[in-house]
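Working through the structure, step by step
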Amino acid sequence: VQLQAFGGGLVQAGGSLRLSCAASGRINSRYVMAWFRQAPGKEREFVAAISWSGSTVSYADSVKGRFTISRDNAKNTMYLQMNSLKPDDTAVYCCAADSDSYYIVRRSHLVYDYWGQGTQVTVSS
C-alpha cells in the first residue's frame, strides 16, 4: 500500500488549502485513515482521523471547527479541507492508514502502519 499526500503550499493567515491523500497498491478501502503534522523542532501531532465509512471522525482541539476531514472510497482518496489557517498550522502534513481498524478512530501515530510522504503547508502572518 502506498499513500501519497499533496496539495500543500504557501498561504496567508486566514486562507484555505485542501490536502489530498491518494492510496494505491493492495489497498482495502476499509481502513481508518488520518492526518498528522510535524513542525520544525516539535513532535508529530495528530490532526484528524476518519473511519472507513466516514461516519466517525476525530479532530485535534487545535483544528476543530476549522479543518474538515473526508474521504472518497471509490477514488481511494482522503481529503483535509483547512480553513482559517493560522501561522501555527505551519508544518509538514502526512497521511496514514490503520489497517487493523475499520471503525475505531485512534489518535496515536503508533497504530498507523502505512504512511505517505509529507506535504509542506506554510502559513504566513
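Throughout what follows, the structure given in this document is the object of discussion. Bear in mind the structure is a predicted one, so any value in this text is a computation, not a measurement. (Residues numbered from 1 in each chain as written. Predicted model: local features only at pLDDT ≥ 70, side-chain atom pairs only at ≥ 80, totals over all residues. Heavy atoms only, no water.)

1. Some points on the overall build of the protein chain
Our working rule: For helices the rule is a DSSP run of H or I covering at least 4 residues; for strands it is a run of E covering at least 2, with both sets numbered from the N terminus onward. For the radius of gyration, the atoms used are the C-alpha atoms, and the globule rule reads 2.2 Å times the number of residues raised to 0.38. Each residue is assigned to one of three classes by its accessible area relative to the maximum for its type, calculated with a 1.4 Å probe on protein chains only: buried under 20%, partly exposed between the two thresholds, exposed over 50%. Between two residues, a contact is recorded if the distance between any of their heavy atoms is within 4.5 Å. By the counting scheme adopted, Arg and Lys are positive, Glu and Asp are negative, and His together with the chain ends is not counted. Where a charge lies is defined by one atom per residue type, namely NZ (Lys), CZ (Arg), CG (Asp) and CD (Glu).
Regarding its fold elements, the protein chain presents zero helices and 11 strands. N-terminal to C-terminal, the α/β element order of the protein chain is β-β-β-β-β-β-β-β-β-β-β. Computed over the C-alpha atoms, the radius of gyration of the protein chain is 13 Å, within 12% of the 14 Å expected from 2.2 N^0.38 for a compact globule of 125 residues. For the protein chain, the C-alpha atoms occupy an extent of roughly 40 × 25 × 25 Å along the three principal directions. A burial count over the protein chain gives 42% of its 125 residues as buried. Residue pairs at least 24 apart in sequence account for 59% of intrachain contacts in the protein chain once pairs closer than 6 positions are excluded. Computing the positive centroid from 13 side-chain charges and the negative centroid from 9, the protein chain places the two 5 Å apart.

2. Here's the deal with the state of the cysteines
One way to say it: the disulfide is the covalent bond shared by the sulfur atoms of two cysteines. Selection criterion: We call a pair of cysteine sulfur atoms a disulfide when they lie within 2.5 Å.
Counted according to the given criterion, the structure contains one disulfide. Two residues, Cys21 and Cys95, share a disulfide whose sulfurs are 2.2 Å apart. Residues Cys21 and Cys95 share a disulfide whose torsion about the S-S bond is about 70 degrees; that sign makes it right-handed. Here Cys95 lies in strand β9 (residues 91-98) and Cys21 lies in strand β3 (residues 17-24), a separation of 74 residues in the sequence. Classification of Cys21 as buried rests on a relative accessible area of 0%. Distance from the sulfur of Cys94, which forms no disulfide, to the nearest cysteine sulfur (Cys95) is 7.3 Å.

3. Some words on a nonpolar patch on the surface
Short version of the rule: What makes a patch is a set of residues exposed beyond 30% relative accessible area and free of salt bridges, joined within 9 Å when like-charged and within 5 Å when nonpolar (Val, Leu, Ile, Met, Phe, Trp, Tyr). Every accessible area reported is derived by Shrake-Rupley at a probe size of 1.4 Å, with residue values counting cover from the shown protein chains alone. Salt bridges are identified by distance alone: a Lys or Arg side-chain nitrogen within 4 Å of an Asp or Glu carboxyl oxygen.
A surface patch of nonpolar side chains, amounting to about 340 Å² of accessible area, comprises Tyr102, Tyr103 and Ile104. Assignment of secondary structure puts Ile104 in the loop between β9 and β10 (114-115).

4. Side note on the environment of Thr122
Residue position: Thr122 is located in strand β11 (residues 119-124). Thr122 gets classed as partly exposed once you look at its relative accessible area, which sits at 28%. Taking C-alpha positions, Thr122 is 7.3 Å from Pro87, a pair spaced 35 residues apart along the chain. Aside from chain neighbours lying at most four places away, what touches Thr122 is Gly9, Leu10, Val11 and Thr90.

5. Focus: the pattern of salt bridges
Here the structure, examined in full by the defined rule, presents five salt bridges. Among the ionic pairs, Arg37 bridges to Asp89, the shortest N-O distance being 2.9 Å. One end of the pair, Arg37, is in strand β4 (residues 32-38); the other, Asp89, is in the loop between β8 (77-82) and β9, with 52 residues separating them in the sequence. The class for Asp89 is buried, based on a relative accessible area of 1%. Salt bridges sharing partners connect three or more residues here, namely Arg37, Glu45, Arg66 and Asp89.

6. What to know about the side chain of Asp98
You can see Asp98 is positioned in strand β9. Relative accessible area serves as the criterion here: at 0%, Asp98 is assigned to the buried category. Apart from the residues within four sequence positions on either side, Asp98 is in contact with Tyr31, Val32, Arg106, Val111, Tyr112 and Asp113.

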